[in-house]
Amino acid sequence: MSATTATIPVPGAAAKPGGRVDEAIVSVRSLSKAFPVRRSWGEFLARPWRRPERVTVVDRVSFEVKSTEFFGLLGANGAGKTTLFRMLSTQLLPDSGTALVAGCDILRNPREVRERLTPVVADERSLNWRLTARENLELFAALYGVPRNQVRGRVTELLEAVELHEAGSKMVGTFSSGMKQRLLIARALLPRPRVLLLDEPTRSLDPISARRFRQFLREEIAGRQGCTVLLATHSAEEAFDLCDRVAVLDRGRLLAVGPVEALMGEVRDDRYRLTIRTAQVDTAVRTLDGSGLTEAQLLEGRGPEGWTVVELSIPGGPDGAADAVARLSRAGVDVAGVEHRALTLADLLERIVRMKAGAR
C-alpha cells in the first residue's frame, strides 16, 4: 500500500465467526494505469508529432481482499473503479504493478484468473431478450464450457438460487430490471467462480428494488454461495449497507481501506436536521449556543408552513441529539422532528482527505 493511504486500524486478526483467519484471495499490488488524453483533429493537425499527454486513472493502488469477504470500492465517477476491475478481470493490462487472484497472477496466468474470477456485466442488453431465462443460461453454459450432462441441473440450481425458478420459462424481455440483474448474477455464477466483480449493480433499480437486491447479494451470493464479492459503487449508503470492508478511491488514488465500522467511527457525520417552529428559531439557536453546536444552517422552504428546518452539527451521536432536544424542550422550543443527515460520498471523501492531510 502506498505511503499516502490512510489505513483504518483493525483490532486483532480478521476472522469469520468460526474463528478461522481468512487468507487473501485477491491481492492488488501497486496497480497503475494511465490513458492518453484525446486530442481534437485541429490539435492533431497543428502538432502531429507531439506526444499525447496521459492522465493517470489508477495510481499505485494496493489492497487485499479476504476469502468470502464482501469488499467495496467506493468512489465518485472517474475515481478509477471500473478501470481497476478491468485490470483484475484481465481485460486491460496495467502499466505497472500486478494482482493475484487465488494465487494466479493477472499478467502471467490470465486464463487461470478468468477461471476463478467473473465480472458481472451490469448492462441488461447483454442478455438475449427473445430467449427465456433458462435458454439464456443454457447458451452461456455452453460458452463457459459447462459439461453438457451438467447444464440442466446447474441452470436449475442457479435459477432457484436467484429466485427466478418460476420465471425460468418466460422471455427475458418481459422481466423487470431487478429480475434481469438477478439473471446476470446467475449467468456469472455458471462457471463456479470464487470471486465476483459487481460494478454498480443497482444503478438501474428504484430504491425499494435496490434494497431488496442488496439483501439478496448479501444473503445468497456472499452467504449461501460463499463467493468473495468486490463491489464498485459511488453510493456510500450501498457500500456501508453491504460491505465488510471498503476501500475509498479518489481520482485513482487509494485514500483509505478498512472495516466499515472503523471507517464510520473515524469520519462520523454528526449533522442533524431539526424541524422547529419558525417563531422560535432564534431562541433555539441561543439555547444551543456554547454547547459545541456549530454551523447552524436554515433550510428555507423545507418545513411545513410555520416551521423551519435547521441543519446543525451535534456532537455525541444519538445521545448528543437527545440531549439537544431536551435542552430545547426545557427552553420552550417546539421540535416537530429530528433527522440524522446521511453521510454522502462527497462528505466521506472530504473527511478522509482532511484525515490524511492531518496525519502528515
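Our subject in this report is the structure included herewith.

**Considering the nonpolar core**
Among the nonpolar cores identified, the biggest contains 53 residues, and Leu183, Ile185, Leu217, Ile221 and Leu348 are the most heavily contacted of them. If near-sequence neighbours (up to four positions away) are discounted, Leu217 is found in contact with Phe70, Ile185, Leu198, Pro201, Ala222 and Leu242. In this structure, Val28, Val61, Val195 and Ala247 belong to the second largest nonpolar core, which totals 31 residues.

**Focus on the layout of surface pockets**
Put simply, the second largest pocket is a space of about 340 Å³. Breaking the lining of the second largest pocket down by element, the ones donating at least two residues are helix H3 (110-116), strand S7 (117-120), helix H4 (133-144) and helix H6 (177-189). Of the residues forming the lining of the second largest pocket, the biggest block, four residues, is contributed by S7. For the lining of the second largest pocket, a count of residues per class yields 10 nonpolar, four polar and three charged.

**What to know about the pattern of salt bridges**
All told, the structure shown has 17 salt bridges when counted by the stated rule. A salt bridge links Glu157 to Arg154; its shortest N-O distance comes to 3.0 Å. Of this pair, Glu157 and Arg154 both sit in helix H5 (residues 148-161), three residues apart, which is roughly one turn of that helix. Residue Glu157 is classed as partly exposed on the basis of its relative accessible area, which comes to 33%.

**Focus: the sheet that holds strand S3 (residues 54-66)**
In any sheet, the strands associate via hydrogen bonds between backbone groups, in a parallel or an antiparallel arrangement. Reading across the sheet, the four strands line up as S3-S2-S5-S6 and stay open at both edges, with antiparallel pairing between neighbours. Looking at strand neighbours, the two that pair on one side only are S3 and strand S6 (104-105), the edges of this open sheet. In this sheet, S3 lies alongside strand S2 (residues 24-36) in antiparallel orientation, the contact comprising nine bridges. Bridge pairing in S3 links Ala34 to Thr56. Against the sheet, helix H2 (residues 81-88) makes contact with S2, S3 and strand S5 (96-101), and its axis sits at roughly 115° relative to S2, the strand it touches most.

**A short note on the packing of H4 against H5**
Contact pair H4 / H5: the axes reach a minimum separation of 10 Å and the direction vectors enclose 130°. By the angle between their axes, H4 is oblique relative to H5. Crossing of H4 against H5: the hand is right-handed. Residues Ala133, Arg134, Leu137, Glu138 and Ala141 of H4 form the contact with H5, whose own contacting residues are Val151, Arg152, Val155, Thr156 and Leu159. Its residues assigned to classes, the contact of H4 with H5 comprises six nonpolar, one polar and three charged.

**Topic: the packing of aromatic side chains**
Summed over the entire model, instances satisfying the criterion amount to two aromatic pairs. Between the aromatic rings of Phe63 and Phe71, the centroid separation amounts to 5.1 Å while the plane-to-plane angle is 15°, which identifies the pairing as stacked. For Phe63, a relative accessible area of 3% puts it in the buried group. Under the relative-accessibility criterion, Phe71 is labelled buried at 0%. Considering the side-chain rings of Phe213 and Phe216, the 5.7 Å spacing of their centres and the 40° angle between planes classify their relative orientation as tilted.

**Concerning helix H11 (residues 317-330)**
Between its first and last C-alpha atoms H11 spans 20 Å; for 14 residues at 1.5 Å apiece the expected length is 20 Å, and the two agree. Taken residue by residue, H11 has Gly317, Gly320, Ala321, Ala324 and Leu328 as its buried positions. Projected onto a plane normal to the axis of H11, the buried residues spread over an arc of 100° and lie on a single side. Away from its buried face by more than 90 degrees, H11 exposes Pro318, Asp319, Ser329 and Arg330. Buried-residue contacts for H11 involve strand S12 (271-277), helix H10 (281-288) and strand S15 (335-340). Just downstream of H11, Gly332 is the residue with a positive phi angle, here 80°.

**Description of empty space enclosed by the protein**
Take a probe with the size of a water molecule and roll it over the atoms, and the empty space left behind shows itself. This model, assessed by the stated rule, comprises one cavity of 30 Å³ or more. In this structure, the largest cavity occupies an estimated 40 Å³ of space. Taken together, Val120, Ala122, Gln181, Ile185, Leu198, Asp199, Pro201 and Phe213 make up the lining of the largest cavity. Those elements that provide at least two residues to the lining of the largest cavity are H6 and strand S8 (195-199). Split into classes, the residues belonging to the lining of the largest cavity amount to six nonpolar, one polar and one charged.

Scoring rules and cut-offs
- The numbers attached to residues start from 1 for each chain and follow its sequence in the written order.
- Only residues with pLDDT of at least 70 are given local features in this predicted model, and only at 80 or more are side-chain atom pairs given and counted; all residues enter the totals for whole chains, interfaces and linings.
- Values shown for side chains rest on all heavy atoms present in the structure; no hydrogens or waters enter the calculation.
- As used here, the term nonpolar core means buried Ala, Val, Leu, Ile, Met, Phe, Trp, Tyr and Cys residues forming a set that is joined through side-chain atoms within 4.5 Å.
- Buried residues are those whose accessible area, probed at 1.4 Å on protein chains only, stays under 20% of the maximum for their type, while exposed residues exceed 50% and partly exposed ones sit between those limits.
- Residue contacts are defined here by distance: any two heavy atoms, one from each residue, within 4.5 Å place the two residues in contact.
- Two kinds of site are reported from a 1 Å grid over the protein atoms alone, namely cavities, where a 1.4 Å probe fits but cannot get out, and pockets, open sets with protein on both sides within 12 Å along at least five of seven lines, and residues are called lining when an atom falls within 4 Å of a point.
- Grid points are joined across faces, edges and corners, and a volume is the space filled by probe spheres set on the points.
- Secondary structure follows DSSP: runs of H or I at least 4 residues long count as helices, runs of E at least 2 residues long count as strands, and numbering of each begins at the N terminus.
- The classification used treats Ala, Val, Leu, Ile, Met, Phe, Trp, Tyr, Cys and Pro as nonpolar, Asp, Glu, Lys and Arg as charged, and all other residues, Gly among them, as polar.
- Any Lys or Arg side-chain nitrogen located within 4 Å of an Asp or Glu carboxyl oxygen qualifies as a salt bridge.
- Any two strands with at least two DSSP-identified bridges between them are counted as paired.
- In this analysis, axes come from line fits to C-alpha atoms, helices being fitted only over the stretch in contact, and the angle between any two N-to-C directions falls in the range 0 to 180 degrees.
- Each angle is binned into one of four classes, with values under 35 degrees roughly parallel, values over 145 roughly antiparallel, values of 65 to 115 roughly perpendicular, and all other values oblique.
- The crossing is said to be left-handed when, going from far helix to near helix, the turn is anticlockwise and less than a right angle, and right-handed when the turn is clockwise.
- Only rings of Phe, Tyr and Trp enter the pairing, Trp through its six-membered ring, and a pair is recorded when the two centres are within 6.5 Å. The plane angle decides the type: under 30 degrees is stacked, over 60 is edge-to-face, the rest tilted.
- Under the convention used throughout, the expected extent of a helix is 1.5 Å for every residue step, that is, one less than its residue count.
- Our arc is simply the arc of the directions from the helix axis toward the C-beta atoms.

Worth remembering: the numbers are spatial, not functional.
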